[in-house]
Amino acid sequence: MEHYWNDEYVRFNSQNLEYKSPYGAVPCGEKINFKIEINEKAMVESVRLHVLEDNKTNTSCPHRVEYSMEVSSSYTKDNETFINYTCSIDSPAVPNLLFYYFELKLKNGVIKFYGNNFDELGGEGNVYDSFPKTYQITTYYPDSKTPDWFKKSIIYQIFPDRFFNGNADGKVNSPKKNSFIYGDWNDLPLYVKGANGDILRWDFFGGNLLGITKKLDYLKELGINLIYLNPIFKARSNHRYDTGDYKEIDSMLGTEDDFKELISQAKKRGINIILDGVFNHTGMDSKYFNAFKSYDSIGAHNSQDSPYYDWYTFYNFPNDYNCWWGIKDLPCVNEMSKSFVDYIINSEDSVVNKWMKMGIKGWRLDVADELPGEFLKALRKKCHENDESSILLGEVWEDATNKISYDVRREYMSGRELDSVTNYPFRNYFLDFFANRIDSFKLVKLFEKMKENYPQENFYSLVNILGTHDVARIINMTESISEIMQNIVYNNDFYKEKIAENKDIFKDSEIKMLKLIILMQMSFPGIPIIYYGDEAGLHGETDPDNRRTFPWGNENKDIQNYYKTLIALRNKNEFFATGYFKQVFLNEDVYGIIRYSKNNLDSFNKPLKENENNFAFVFINRNPIISFDVKLNINDYPEIFSNKNFTSLKSFFDKENIKIEENEIIFTIEPLSSKILLGDNL
């Protein structure tokens, strides 16, 4: 009799504790348990688990270990008998990535493999005849923690030159030579470039540290408790990523005393400050390189006897050297040069010691992918010596758990390097969702993969980005997507009747969409970050347009008040920061999440300030035309409703009571709108 094979014979789900435990990332030295179910019709002779231990220095040649899986039990359902194969392994003693798949040897000699699904999103996988996609397990030091205060933060990012000029006379501090000063605060930024694209004159508006200090009450009212400042050290440019002197405040921004006052006044309001650490490169116009002889120092460009010479790599001294992305203005630093490490980290008067002793709460690291792991470890250690609850936030644009940079696997999430990273995928996923590039089913899978890959401490510390100085403003993105939406709708006969009924169907659609994305940012695990002016409806395409001045007096009050409302909701209810997180899939257009506590404890088993059993259902509908009637059965959500006697839920925005009748919650979610359903205590 010919042996018949069906891929449905095999069952495994990496995100289900029945098949793999513990969930997601695993501390070093802990048991990892696997179970795979196989229909007896598959006629399996043996099952083996293949584990590929990552080889950090040569990721194409992992260390392979095989484990025999033993029959542990069986069960019969619907006249089908499934056999359970199980095994347990020890996670490594030191952090390493593990990749795994299963090998099934059939009684007819055929070999089948079961691995990750074709999109490598975790969860249920696929059967392969060869070369299976692998599942990932992140491992980390068991004592790895991120500060609780950080997990409960709302970050406000400030590009100092463009935020506010605090001088009473409005004059610009210490204008730089050969620079361009705008005549009006509301002018649009531009670059004055030469024929070859080089910046001929850097442009400035005159925002300064005193201006930030004067606007602290505004930030406090907004609900901010952490400020991230783009670079403030002496430099030639307006963005100051071309550091001239790591130990000196740029005179256009003010003085060291101004900075001390900013820290002092911020702390009085419960606001912390982190600085931008640009440690991969300096400016060519710096005391260390000194290409223009602007400084009274012997820079590396001036002499091979310079104390800074070994900071840099010269191919042909002095004008041919390693620089960031080929930009001659930004010569790269040899970060592991002993004198550089001492200067930045180890010396008593090091850069890190100086500014942390002044009271900053940590650093955001520019281009973290360019910084060696040993440098990051030393930096984090020094930060913790200064302040045990300080944080190190790395600029990383992809999944930081498996990032390969310069052919080396990074260990950002091992518990010794970074506390958090910039979560650009968060922004990308939601923009893709609204642009109809993915549906809510794919969105659920993408975020579940994120949750699975990151250690819990780091997942709840991800900095969820909507805008930064490196990308177009979020409102510009929603305007572009609104145009895409309109083209799709107007070219679809299915929607013609709806359009005829409502000529204003797309009125303010970009604002509605923006609000839905903001709602998700404020509802998700991880830390929301607001790029200055986003809350005021500030527009801007990519650099330099995304660095416009804050529109004081011309804010979009609708957007601003929406931010205030949602920030207040998040700050009032701690389960939005550290509570449990579960996704809800309803249909391709409606995406939902639940945030909740259990017995007044969050997902870290720590008590919350709120009353017992708080929760929120949060739903968004991306469809600009169709409303959906939603029906939830409370029996599907035992984590919320088990042993509780709720008769209704409160709809947050419209204050409507949503009754629970016959174990069902029924409500309508309108086009491009949201629904927040809250428990009794909110």
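Residues numbered from 1 in each chain as written. Predicted model: local features only at pLDDT ≥ 70, side-chain atom pairs only at ≥ 80, totals over all residues. Heavy atoms only, no water.

On to the environment of N302. Along the chain, N302 turns up in the loop between β20 (272-277) and β21 (314-316). Spatially, the C-alpha atoms of N302 and A291 are 6.9 Å apart, while their sequence positions differ by 11 residues. One polar contact links the side chain of N302 to the main-chain carbonyl oxygen of N290, over a distance of 2.9 Å. Within the structure, the side chain of N302 is placed 2.6 Å from the backbone nitrogen of G299, a separation counted as a polar contact. (Helix = DSSP H or I, 4+ residues; strand = E, 2+ residues; numbered from the N terminus. Polar contact = N/O pair within 3.5 Å; in protein donor to acceptor, adjacent residues only side chain to side chain.)

A word on the nonpolar core. In this structure, Y156, F259, F279, W363, F430, F434 and Y591 are the most contacted members of the largest nonpolar core, which totals 131 residues. The next biggest cluster of nonpolar side chains, apart from the first, holds 28 residues, and it includes V10, I32, V44 and L106. (Core = buried A, V, L, I, M, F, W, Y, C linked by side-chain atoms within 4.5 Å. Buried < 20%, exposed > 50% of the residue type's maximum accessible area, 1.4 Å probe, protein only.)

Helix length check: helix α14 (residues 557-572), at 16 residues, gives a terminal C-alpha distance of 22 Å against a target of 22 Å (1.5 Å per residue), a fit within 8%. Within α14 the residues assigned to the buried category are I559, Q560, Y562, Y563, L566, I567, L569 and R570. Looking at the buried positions of α14, the neighbouring elements they touch are α3 (216-222), α11 (474-490), α13 (509-523), β29 (527-531), α15 (575-578) and β37 (674-678). (Expected span 1.5 Å × (residues − 1). Contact = heavy atoms within 4.5 Å.)

Right, let's get into the pattern of salt bridges. All chains considered together, the criterion is met by 47 salt bridges. We note a salt bridge from D203 to R162, for which the minimum N-O separation is 3.7 Å. Of this pair, D203 sits in strand β16 (residues 203-204) while R162 sits in the loop between β12 (155-158) and β13 (180-181), placing them 41 residues apart in sequence. Exposure remark for D203: the relative accessible area of 1% places this residue in the buried category. With a relative accessible area of 1%, R162 lands in the buried category. With a closest N to O distance of 2.6 Å, R269 and D217 form a salt bridge. (Salt bridge = Lys/Arg side-chain N within 4 Å of Asp/Glu carboxyl O.)

Turning our attention to the confidence of the model for the protein. Taken as a whole, the protein shows an average pLDDT of 95; of its residues, 98% reach a score of 70 or greater. Per-element confidence in the protein ranges from a low mean pLDDT of 72 for helix α12 (residues 496-501) to a high of 99 for β12. (pLDDT = per-residue confidence, 0-100.)

Looking now at the sheet that holds strand β33 (residues 628-633). Across the sheet, which stays open at both edges, the 8 strands sit in the order β30-β31-β32-β37-β34-β35-β36-β33 with antiparallel pairing between neighbours. Edge positions in the open sheet fall to β30 (580-585) and β33, since each of these has one partner strand only. With strand direction ignored, the average angle separating the axes of adjacent strands in the sheet is 25°. Note: β30 against strand β31 (residues 590-596), 6 bridges, orientation antiparallel. Paired with Y580 across the bridge in β31 is Y596. Docked against the sheet, α13 engages β31, β32 (615-621) and β37, running at close to 155° with respect to β32. (Pairing = 2+ DSSP bridges. Axes fitted to C-alpha atoms, helices over the stretch in contact; angles between N-to-C directions.)

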